[in-house]
Amino acid sequence: MTARTTPWVSVLLSAIASVSWAFLAMTGTAALGLHLLGADTAGSLGPMTAAVVAMAAGGRVRPSGDVAVFGMEGAGTQGAIGVMPLGVSLVGALLLVWVFLRSLRKAGTVVSAGELAARVLAVAVFFTAVLGGLAWAGQDTIAIDGASLGAPQTGGILDKLPGIGDIGGGGLSDGLQGLIKSKTSVGFHVDTVPTLLRGLVWVLVVLLIALLASRRTPLPPGWQGLHRVVRPAVSALCGVLVLAVLAGFAAAGYAAVTGDEPGRIMGSALLGAPNGVWLALPLGLFVQWKGVATGELAKVLPDPFDRLLSDGVREPITLGRLAELDDRVWLLPVAVALMMLTAGALTATRTPLGTGSHAGFAGRCALRLAVASAVAFPLLVWLTGVSVNANLSVFGFDAVGAGIELHGSVPLALLLGAAWGAGAGGVGALLALATGAAGRQAAPPALGRPAPGSTAGDSARTYPAIAYEPGPYVPSPAYRPEGDGPNPYKQPADPAGGTGDDSPHAAQTMAGAPLPPPLPRRSRGGGRTDKWPDPPGEPPPPPGAPRGR
């Protein structure tokens, strides 16, 4: 069988389509979220949307402030925003992998390693190129009205600042009062090179997860073990993680309907619903977090995180400390346990039973979900980590202090994720075996068969052909009319050499047979012009045959 050449036109078109749909969805989600938050009242929506989309792909945005009104030369701003709006990231990732996998399934039941690498590389290159354009467009200046900041008067906040209250008039004091009475501006720009590198890693990780989670997508020859070993557990875990995000978004929708500011709530949910949900999941597994929040940015954290971190003390964040502020936090481990049990049951239903014992099947499911969870939860901890430093620094003094630091323990997330995955995988497999659902949803590639609707051009060299053995053939008895007379439709062989219908005698018999009566005619008005003829009687025997019946 000749090797299948790489269809470069299909590769390029699928890459363009997947990246275009992904950025279109990310741009729309980011713009709608910013509009609902009211961010477009302070600056242009286009550059802010480009910056948020770049952040969603792992980029960093660096603000720059105009502090000349402080009356001091050489003053500048320092800081960077290192948080990913995972709501925008998730929408773009889902559209990207949906179009990518859909085009890959049309390649056949198997795909060569070269073609798969070409498709992934084309998507990565085109994604990075578009991201570079957004990084160039993601820069603007936002006007800030000093009077809207809450004007601290002389003898107020300046007297409480260490090392500043004794300065008196002039210098920084006069400059800050000028800022309050006037308007200034703060700009922002996307760091291009770090954004492109992070975006390249982002798209490669998204495509890798998609290939490991899609149960019906073809793989190169020799990779068929992934269908049975990896894909059932990864697809189950990814499914419950997305379902958890949908539940969080539904809760945000309920809060928007019953709350006072529905627009701001929905805008925050569009941009950051996965951030809150995926931060809570490792916490429900008893993963410890550490963080601190200062200034107004502490208010963006969900309750009771904002109350716990607002004191500025860097202490471990645990379920016990959060429960001291809100007893409902103890419901979080219960919800996470149900989610993991669902993932274990789905893994068992999607894993082929095989020929081993039930205990062996449960052990395989437990091991596979443990490995998948040990990789997934450290990734969630890394993604939901927050690092925002929006401090206006003037000679090392934070004139307007605002910052958030929130990071979880990656090693602890790996260990606890493996332990919870093993337990949930084993229990879920036992439940699936008890209900008879084990292996019922196994994909055709996991069973050694091509997926329905796929091109079967290369299936012969990947999936073994199924041999069918014919059963015993029992001929049916010949039909003979009742009576002792000969069969009028079975003529003896013609002496001239013809037999059956090919003999001259058979042709003469068929030529001499009477024709059936013509069908009745119909008038133009739709009625019949004559009656149907009466059914004919017994047909006359063929010439030369005796009248026996």
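About the criteria used
Residues numbered from 1 in each chain as written. Predicted model: local features only at pLDDT ≥ 70, side-chain atom pairs only at ≥ 80, totals over all residues. Heavy atoms only, no water. Salt bridge = Lys/Arg side-chain N within 4 Å of Asp/Glu carboxyl O. Buried < 20%, exposed > 50% of the residue type's maximum accessible area, 1.4 Å probe, protein only. Helix = DSSP H or I, 4+ residues; strand = E, 2+ residues; numbered from the N terminus. Expected span 1.5 Å × (residues − 1). Contact = heavy atoms within 4.5 Å. Polar contact = N/O pair within 3.5 Å; in protein donor to acceptor, adjacent residues only side chain to side chain. Phe/Tyr/Trp six-rings, centres within 6.5 Å; stacked < 30°, edge-to-face > 60°. Patch = residues over 30% accessible without salt bridge, like charges linked within 9 Å, V, L, I, M, F, W, Y side chains within 5 Å. Areas by Shrake-Rupley, 256 points an atom, 1.4 Å probe, with all protein chains shown as cover. Lys, Arg positive; Asp, Glu negative; His and termini not counted. Charge placed at Lys NZ, Arg CZ, Asp CG, Glu CD. Axes fitted to C-alpha atoms, helices over the stretch in contact; angles between N-to-C directions. Parallel < 35°, antiparallel > 145°, perpendicular 65-115°, else oblique. Nonpolar A, V, L, I, M, F, W, Y, C, P; charged D, E, K, R; others polar. Left-handed = near helix turned anticlockwise from the far one by under 90°.

A. Here's a closer look at the pattern of salt bridges. With the rule as written, the count across this model stands at 3 salt bridges. Linking D326 and R328 is a salt bridge whose minimum nitrogen-to-oxygen distance equals 2.9 Å. For D326, a relative accessible area of 14% gives the class buried. A relative accessible area of 62% means that R328 is categorised as exposed.

B. Summary view of helix 2 (residues 45-56). End to end, helix 2 covers 16 Å across 12 residues, agreeing with the expected 16 Å (1.5 Å per residue, within 8%). Among the 12 residues in helix 2, 10 count as buried, and that is most of the element. Every buried residue of helix 2 is listed here: P47, M48, T49, A50, A51, V52, V53, A54, M55 and A56. Positive backbone phi, approximately 100 degrees, marks G58, located one or two places after helix 2.

C. The arrangement of unusual backbone geometry in detail. Positive phi is not limited to glycine here, since F286 has a value of about 75 degrees. You can see F286 is positioned in the loop between helix 10 (262-284) and strand 5 (289-294). A residue is classified by how much of its surface remains accessible, and F286, at 44% relative accessible area, is partly exposed.

D. The arrangement of helix 15 (residues 410-435) in detail. End to end, helix 15 covers 36 Å across 26 residues, agreeing with the expected 38 Å (1.5 Å per residue, within 8%). Buried positions along helix 15 lie against helix 13 (331-350) and helix 14 (358-383). Where helix 15 begins, the side chain of S409 points an oxygen toward the backbone nitrogen of L412, at a separation of 3.4 Å. Immediately downstream of helix 15, the backbone of G436 shows phi near 80 degrees, a positive value.

E. Main features of the environment of G33. Among the structural elements, G33 can be located in helix 1 (residues 8-37). For G33, a relative accessible area of 0% translates into the label buried. For the pair G33 and L271, spaced 238 residues apart in the sequence, the C-alpha separation amounts to 6.0 Å. Discounting residues that sit within four places of it in the chain, G33 has contacts with G267, L270 and L271.

F. Region of interest: the packing of aromatic side chains. Tallied over the entire structure, the rule returns 2 aromatic pairs. Ring centres of F127 and W202 lie 5.2 Å apart, and the angle between their planes is 20 degrees; on these two criteria the pair is classed as stacked. Highlighted residues: F127 in helix 4 (residues 113-137) and W202 in helix 7 (residues 192-213), separated in sequence by 75 residues. Note on accessibility: F127 and W202 belong to one class, buried. The rings of F23, F127 and W202 are connected pair by pair, giving a single aromatic cluster.

G. How the structure looks around the side chain of R368. Structurally, the position occupied by R368 is in helix 14. Discounting residues that sit within four places of it in the chain, R368 has contacts with R228, V229, A233 and T351.

H. Highlighting a positive patch on the surface. Judged by side-chain charge, R102, R105, K106 and R216 come together as a positively charged surface patch. Mapped onto the elements, K106 comes out in the loop between helix 3 (86-105) and helix 4.

I. Quick peek at the packing of helix 10 against helix 13. Running from N to C, helix 10 and helix 13 point in directions that differ by 95 degrees, and their axes come no closer than 9 Å. Considering the angle they form, helix 10 stands roughly perpendicular to helix 13. Residues A280, L281, L283 and G284 of helix 10 form the contact with helix 13, whose participating residues are L332, P333, V336 and M339. Of the residues belonging to the contact of helix 10 with helix 13, the class tally is 7 nonpolar, 1 polar and no charged.

J. Quick peek at the side chain of N275. Positionally, N275 belongs in helix 10. Given the relative accessible area of 13%, N275 is considered buried. Within polar-contact distance, the side chain of N275 engages the backbone nitrogen of L86 at 2.8 Å. If we skip the residues at most four places from it in the chain, N275 touches V83, M84, P85, L86, G87 and T384.

K. Looking closely at the packing of helix 1 against helix 4. Close contact between helix 1 and helix 4 brings their axes to 9 Å; oriented N to C, the two are set at 40 degrees. In terms of orientation, helix 1 and helix 4 fall into the oblique class. As helix 1 packs across helix 4, the resulting crossing turns out to be right-handed. Facing helix 1, whose interface residues are W8, S10, V11, S14, A15, I16, S18, V19, S20 and F23, helix 4 presents A118, R119, A122, V123, F126, F127, V130, L131 and L134. Tallied by class, the residues present in the contact of helix 1 with helix 4 amount to 14 nonpolar, 4 polar and 1 charged.

Geometry only, nothing functional implied.
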